[in-house]
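# Chains, contacts and geometry: an overview
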Amino acid sequence: MKLVITLNQNELKLEICQKSRVLDSETALYYHDLSDVLITSLDKLLKRNNIDTTALKSFKIQGNTGKNGTSYKIAAAFIEGLRAGV
């Protein structure tokens, strides 16, 4: 399964995909609380679909934020935490 994180100006969208098909998604607004919103949104998605984080094998960050943006860096650190099994 793949987790796709889409970051826009103040909106976050998480999608769980399998074989190029979106299984479920969660959208939330954020301001200065992106890390909290990421955790809460992913938790909702996983619980709703009865999926464990170990089922997520690949990750993608997309949207209109550059790789040097704070939001992108927070999302990248979030993904590294998931990969490490934290």
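Higher on the page you've got the structure.
Description of the structure in this document. Remember, predicted model here, so these are calculated numbers, not experimental data.

Moving on, we get to the overall build of the protein chain. Looking only at helices and strands, the protein chain features 2 helices and 4 strands. Moving toward the C terminus, one meets the helices and strands of the protein chain in the order β-β-β-α-β-α. Over its C-alpha trace the protein chain gives a radius of gyration of 12 Å, about what one expects of a compact globule, namely 12 Å for 86 residues. Judged by the C-alpha coordinates and their principal axes, the protein chain covers about 30 × 25 × 25 Å. Across the 86 residues that make up the protein chain, the buried fraction comes to 36%. Sequence separation of 24 or more characterises 46% of the internal contacts of the protein chain that already satisfy a separation of 6 or more. Of the accessible surface of the protein chain, which amounts to about 5,500 Å², a share of 47% is contributed by carbon and sulfur atoms.

Here the focus is the environment of Val4. You can see Val4 is positioned in strand β1 (residues 2-7). The class for Val4 is buried, based on a relative accessible area of 6%. If near-sequence neighbours (up to four positions away) are discounted, Val4 is found in contact with Lys13, Leu14, Glu15, Cys17, Lys60 and Gln62.

Before going further, it helps to spend a moment on the sheet that holds strand β2 (residues 11-18). Here we have 4 strands laid out as an open sheet, ordered β3-β2-β1-β4, and mixed in their pairing. If you trace the sheet from one side to the other, it starts and ends with β3 (21-29) and β4 (58-63), each paired once. On average, adjacent strands in this sheet sit at an angle of 15° to one another, irrespective of strand direction. Bridge count between β1 and β2: 6 bridges; the pairing is antiparallel. Residue pairing for β2: Thr6 is matched across the bridge by Lys13. Sitting on the sheet, helix α1 (residues 34-49) is in contact with β1, β2 and β3, with an inclination near 145° to β3.

Moving on: helix α2 (residues 70-84). Its 15 residues place the ends of α2 21 Å apart at the C-alpha level, agreeing with the 21 Å of an ideal helix rising 1.5 Å per residue. Turning to α2, its buried residues number three or more, namely Ser71, Tyr72, Ala75, Phe78, Ile79 and Leu82. End-on view of α2: buried residues confined to an arc of 125°, all on one side of the axis. Across α2 from its buried face, at more than 90 degrees, point the exposed residues Thr70 and Ala84.

Take the packing of α1 against α2 next. Running from N to C, α1 and α2 cross one another at 45°; their axes reach a closest spacing of 10 Å. It follows that α1 is oblique to α2 by the angle criterion. α1 and α2 meet at a crossing whose hand is right-handed. Residue-level contacts link Leu34, Ser35, Leu38, Ile39 and Leu42 of α1 to Ser71, Ile74, Ala75, Phe78 and Leu82 of α2.

The rules behind these values
- Residues numbered from 1 in each chain as written.
- Predicted model: local features only at pLDDT ≥ 70, side-chain atom pairs only at ≥ 80, totals over all residues.
- Heavy atoms only, no water.
- Helix = DSSP H or I, 4+ residues; strand = E, 2+ residues; numbered from the N terminus.
- Rg over C-alpha atoms; globule rule 2.2 N^0.38 Å.
- Buried < 20%, exposed > 50% of the residue type's maximum accessible area, 1.4 Å probe, protein only.
- Contact = heavy atoms within 4.5 Å.
- Areas by Shrake-Rupley, 256 points an atom, 1.4 Å probe, with all protein chains shown as cover.
- Pairing = 2+ DSSP bridges.
- Axes fitted to C-alpha atoms, helices over the stretch in contact; angles between N-to-C directions.
- Expected span 1.5 Å × (residues − 1).
- Arc of directions from axis to C-beta.
- Parallel < 35°, antiparallel > 145°, perpendicular 65-115°, else oblique.
- Left-handed = near helix turned anticlockwise from the far one by under 90°.

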